[in-house]
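Chain residues, written in single-letter form:
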Amino acid sequence: MKILIYGAGVVGCSYGWQLSKAGCDVAVLVRKEQKELVQKDGIRIICSDFREKARKDTDIIFKPTVIDELSSNNDFEYIIVSTNKLQLSTILPSLSKSAGKANVVFFQNNWDVFTEIDKYLKPEQYFFAFPFMVGGGKEDKSIHCAISGLKYSNTPLGEKDGRTTPRVEKLSIILDKANLKPVGKSSVSCPLKPSDSAPLC
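- Per an unreviewed UniProt entry, the chain is named Ketopantoate reductase PanE/ApbA, and its organism is Bacteroides uniformis.

### Notes on the pattern of salt bridges
- Under the definition given, this model contains 11 salt bridges.
- D118 is paired through a salt bridge with K160; the nearest N and O atoms lie 2.8 Å apart. Taken as a pair, D118 in helix α4 (residues 114-118) and K160 in the loop between β11 (155-158) and α5 (166-177) lie far apart in primary sequence, 42 residues in all.
- Given the relative accessible area of 29%, K160 is considered partly exposed.

### Some points on the sheet that holds strand β4 (residues 56-62)
- In spatial order, the strands read β4-β3-β10-β9; together these four strands make up an open sheet with mixed pairing. Edge strands, defined here as strands with exactly one partner in the open sheet, are β4 and β9 (134-139). Going across the sheet, the axis of each strand differs from the next one's by a mean of 20°, ignoring polarity.
- Strand direction decides the pairing type here: strand β3 (residues 43-49) and β4, joined by seven bridges, are antiparallel. Bridging across to β4, R44 finds its partner in I61.
- Helix α1 (residues 10-21) contacts β3, β4, β9 and β10 (142-147) of the sheet and is inclined by roughly 115° relative to β9.

### Considerations on the side chain of R167
- Structurally, R167 is set in helix α5.
- There is a polar contact of 2.6 Å between the side chain of R167 and the backbone oxygen of E124.
- With sequence-adjacent residues up to four places away left out, R167 is seen in contact with Y78, N103, P123, E124, Q125, Y126, F127 and E159.

Here is what the cut-offs are and how they apply
Residues numbered from 1 in each chain as written. Predicted model: local features only at pLDDT ≥ 70, side-chain atom pairs only at ≥ 80, totals over all residues. Heavy atoms only, no water. Salt bridge = Lys/Arg side-chain N within 4 Å of Asp/Glu carboxyl O. Helix = DSSP H or I, 4+ residues; strand = E, 2+ residues; numbered from the N terminus. Buried < 20%, exposed > 50% of the residue type's maximum accessible area, 1.4 Å probe, protein only. Pairing = 2+ DSSP bridges. Axes fitted to C-alpha atoms, helices over the stretch in contact; angles between N-to-C directions. Contact = heavy atoms within 4.5 Å. Polar contact = N/O pair within 3.5 Å; in protein donor to acceptor, adjacent residues only side chain to side chain.

Shown next, in the form of structure tokens:
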């Protein structure tokens, strides 16, 4: 399965790394001025993983395929948009031209952006997921992340009307293989508020 991570931040790179470990062909879209450096040095991820009984600390160099532009004839099955919500106004016009046949997955804690997205993408082009398994930040150009091991931590996903369609189920299967605990949402239009989500560890 070919997956593009649109946004090389903590959430996108952490999920992308785990999906890569689960066998996906993962690429990361970066800004033009970053491409050469990321291709050369990779992305350093310092991770504390709490999914097993004992905490596991990892310091790795994640070396995905790196691209700096996306064309409409791309062969990605899923484009995971993990950028900040405030960047959507810039990203959506570009995605409307370049997403092609890929399924766009808005991988953000959004619950009030349907009208904005629908100006650029048709409902059959996108769905939602909520990255509640991962948290962290950036320091010295490295990603520091924690993967939650709490019982109720998971990755909710589904169509905006709550359906679990074949494309949602297919991504759910690979998220499960990566031990990122996918769950269906009864209504993605009314997801968990940040205050309802469990802490990481």
